[in-house]
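Listed below, chain by chain, are the residues.
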Amino acid sequence: MANQNQSYKKRSNAYKKGSLSRKDRFSGKKINLVPIVIVACVVLSFIGAMILGNYLGTLAQDSQGTPQAPGSPSSGELPSVDKVPPEAELHAYFADMSASDPEISLSEQTGAARERGNALYFKLRYENGELLYSSDASERLEYPARENLTLTRLQNHLAYYADFAVGELLSDFDSSLSAEEGLKIKHVEITLLAEAADACFDQLIVDFSTDINRDNVTHYLSYLIDLKLACPETPVGVRLDYSFITDADNSGVVAQLLSIADFYALDLGDCDAEELDSALSPLVYFSERYNGVITLNDSDADSLSARISALADKNMDSYIIK
């Protein structure tokens, strides 16, 4: 019996000390952790680099097409903006607010225009550069403005009569400006226009009054995009000259401008009925493709009636009488 117990112990001890012993496998040797830590750090660094690279790549894609400063326009594709259809049949007449008086009803300035059409047209800047009215934005930006009329008063007046109001701004923005000056002017003007749209203006027109061409059109596209983003629910138009849109070399430039702007404002000034018929005949395709409004200088009743009829004959239903 003693020999059997001794033999069992030997077998047991042999198992415990053998190559399959749990103690030998898990605690018999000391594990060197340094290589494991180094490998883990390398793997984690690689994963982190991959995540950061993907994130930066996404940011780079998102930033493509963002409008650049006037001195360095983006060479990439400009971002798209939603179109806002303008008033289908706009018959707007100029309301001269220069003689407005805090003590006299604004109907003295707006009444005649209201009776003649379905909308009021305002020049947002006078020839001397002053804003039509003073407002919170004009004061904050220290922008020159008339003191005889406030935007709040005009807003309340137009709301009382439920007027549809169109405002046109003669812009100081120009591609030849330095990057810093161009950005400053764009910021100021867009701030004022966004305030006007938020208060009471239903449509806006920008008159760049400068030579736009294939080399500098990106600057003006950037301006229009920023303006539309600032007032996304208000139709934004751009004023165009007849000579500009009828020049075949400008066809691509016009198409680019009207891919952003919601409509064009074509100024035909003092053209009589016969001249209007002749001028608009080549623009049938143009007027069908793009939303537009014709602007005319005011004239006597008979002459104006004939001129408006000439517009109707060419399916030009929207007009502004300045």
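Up top is the structure these notes are about.
Let me begin by describing the structure that accompanies this report. Values in this document were obtained by computation on a predicted structure and should not be read as measured data.

1. So, helix α11 (residues 273-280)
Here is step 1: Buried within α11 are the following residues: L276, A279 and L280. Along the axis of α11, the buried residues cluster in a sector spanning 85 degrees; they form a single face. Residues of α11 that are exposed and angled more than 90 degrees away from the buried face: E274 and S278.
Here is step 2: Those residues of α11 that are buried are in contact with α9 (242-245), β6 (263-269), α12 (284-289), β7 (292-296) and α13 (301-313).
Here is step 3: One side-chain oxygen at the N-terminal end of α11 lies 3.2 Å from the backbone nitrogen of E274; it belongs to D272.

2. Regarding the pattern of salt bridges
Here is step 1: With the rule as written, the count across this model stands at 11 salt bridges.
Here is step 2: Between D277 and K314 there is a salt bridge, with its nearest N and O atoms 3.4 Å apart. Placement of the pair is D277 in helix α11 and K314 in the loop between α13 and β8 (319-321), with a sequence separation of 37 residues.
Here is step 3: K314 sits in the partly exposed class, given a relative accessible area of 22%.

3. Remarks on the pairing of β7
Here is step 1: Of all five residues making up β7, four are buried, and the element is well covered by its neighbours.
Here is step 2: Chirality of the crossover, the property in question, places the unit of β7, α13 and β8 among those that are right-handed.

Rules and cut-offs
Residues numbered from 1 in each chain as written. Predicted model: local features only at pLDDT ≥ 70, side-chain atom pairs only at ≥ 80, totals over all residues. Heavy atoms only, no water. Buried < 20%, exposed > 50% of the residue type's maximum accessible area, 1.4 Å probe, protein only. Helix = DSSP H or I, 4+ residues; strand = E, 2+ residues; numbered from the N terminus. Arc of directions from axis to C-beta. Contact = heavy atoms within 4.5 Å. Polar contact = N/O pair within 3.5 Å; in protein donor to acceptor, adjacent residues only side chain to side chain. Salt bridge = Lys/Arg side-chain N within 4 Å of Asp/Glu carboxyl O. Right-handed = clockwise from strand over helix to strand, strands pointing away.

Keep in mind these numbers describe shape, not what the thing actually does.
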